[in-house]
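# Remarks on the overall topology
Okay, here's what each chain looks like letter by letter:
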Amino acid sequence: NQITATVQDNFGNYWIGTSGGGLNLYDPATNKFTVYLNIANHPESISSNNITCLEKDKYGYIWIGTADNGLNMLDPKTGKFLRYVKTDMNAGRSLSDNQINVIYEDNDGDLWVGTAAGINLLKPKKYGRSMDNRDEVIDFYKTVNGGNSSIGGSILSIYQGASGKIWFGTADNGLGYVNKYTR
């Protein structure tokens, strides 16, 4: 299978995302692989076998973006997944799209998620992030640069500059930024 993303966890293990082969864990201490695949009707399994991107957050969780079924948060200690998917936008916990292109953790520990239909900001609760307490999903940004350019559509890259601005690269609308403190 094609390897699409890699990240190392706090225990020295390597997580490898693939296109169609799920999420693979390589433990260099034992030289063994463990494969995590989607199991139908099992909500604690990974949501899709088509991985697009990976990110390790400051709490040690592994975030997995998929090509077709949203975002997953993995606790590497337990091997359990928590899913974030597009549902009713009025639900307050929904992603803008289930195709995840990029995940980026900013300096505050907030996660920016670039999808095929805009951007989502996931904020941990006051006392941190956990498997038992979902992050708040903030409304995705439809405009940047003071409303002068649209970031609707596919977000391909995200980066926080030295000034604290969050920069976004898009498939069709060029480059934009947002200041999350003054939005």
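Worth saying up front: this structure is predicted, and the values here are computed from it rather than measured.

### Quick word on the sheet that holds strand β1 (residues 2-8)
An order of β1-β2-β3-β4 is seen for the four strands of this open sheet, with the pairing classed as antiparallel. For this open sheet the edge positions go to β1 and β4 (32-36), each flanked by a neighbour on one side alone. Each neighbouring strand pair of the sheet contributes to a mean axis angle of 25°, computed without reference to strand direction.

### Side note on the packing of aromatic side chains
Here the distance between the centres and the angle between the planes together describe a pair of aromatic rings. One pass over the structure, following the stated rule, counts seven aromatic pairs. Arranged with centres 5.7 Å apart and planes meeting at 40°, the rings of Trp 63 and Tyr 84 form a pair that is tilted. Of this pair, Trp 63 sits in strand β6 (residues 62-66) while Tyr 84 sits in strand β8 (residues 80-84); the two residues are 21 residues apart in sequence, bridging distant segments of the chain. For the residue pair Trp 63 and Tyr 84, the accessibility class agrees, reading buried in each case. Pairing Trp 167 with Tyr 177 gives two aromatic rings, centres 4.9 Å apart and planes at 50°, and the pair type is tilted.

### Remarks on the nonpolar core
By size, the foremost hydrophobic cluster in this structure holds 14 residues, and its most contacted members are Trp 63, Leu 71, Tyr 84, Leu 95, Ile 100, Ile 103 and Leu 122. Where this core is concerned, the elements lending two or more residues are β7 (71-75), β8, β9 (100-105) and β10 (111-115). When sequence neighbours within four positions are dropped, the list of residues in contact with Leu 71 reads Trp 63, Ile 64, Gly 65, Leu 82, Arg 83, Tyr 84, Leu 95, Ile 100, Ile 103, Val 113 and Leu 122. Counting 13 residues, the second-largest nonpolar core is a separate cluster that includes Leu 23, Ile 51, Ile 62 and Phe 81.

### What about the pattern of salt bridges?
Per the stated rule, a full pass over the model turns up three salt bridges. Asp 110 is the salt-bridge partner of Lys 123, the closest N and O atoms lying 2.8 Å from each other. Linking Lys 123 in strand β11 (residues 118-123) with Asp 110 in the loop between β9 and β10, this pair joins segments that are 13 residues apart in sequence. A relative accessible area of 30% places Lys 123 in the partly exposed class. Accessibility expressed as a relative area gives 3% for Asp 110, which makes it buried.

### Focus: the side chain of Thr 18
Residue placement: Thr 18 occurs in strand β2 (residues 14-19). Engagement of the side chain of Thr 18 in a polar contact is seen with the backbone nitrogen of Gly 21, the distance being 2.9 Å. Looking at Thr 18, its side chain comes within polar contact range of the main-chain oxygen of Gly 22, at 2.8 Å. Setting aside anything within four residues of it in sequence, one finds Thr 18 in contact with Asn 1, Gln 2, Ile 3, Thr 4, Asn 24, Asn 49, Asn 50 and Ile 51.

What counts and how
- Residues numbered from 1 in each chain as written.
- Predicted model: local features only at pLDDT ≥ 70, side-chain atom pairs only at ≥ 80, totals over all residues.
- Heavy atoms only, no water.
- Pairing = 2+ DSSP bridges.
- Helix = DSSP H or I, 4+ residues; strand = E, 2+ residues; numbered from the N terminus.
- Axes fitted to C-alpha atoms, helices over the stretch in contact; angles between N-to-C directions.
- Phe/Tyr/Trp six-rings, centres within 6.5 Å; stacked < 30°, edge-to-face > 60°.
- Buried < 20%, exposed > 50% of the residue type's maximum accessible area, 1.4 Å probe, protein only.
- Core = buried A, V, L, I, M, F, W, Y, C linked by side-chain atoms within 4.5 Å.
- Contact = heavy atoms within 4.5 Å.
- Salt bridge = Lys/Arg side-chain N within 4 Å of Asp/Glu carboxyl O.
- Polar contact = N/O pair within 3.5 Å; in protein donor to acceptor, adjacent residues only side chain to side chain.

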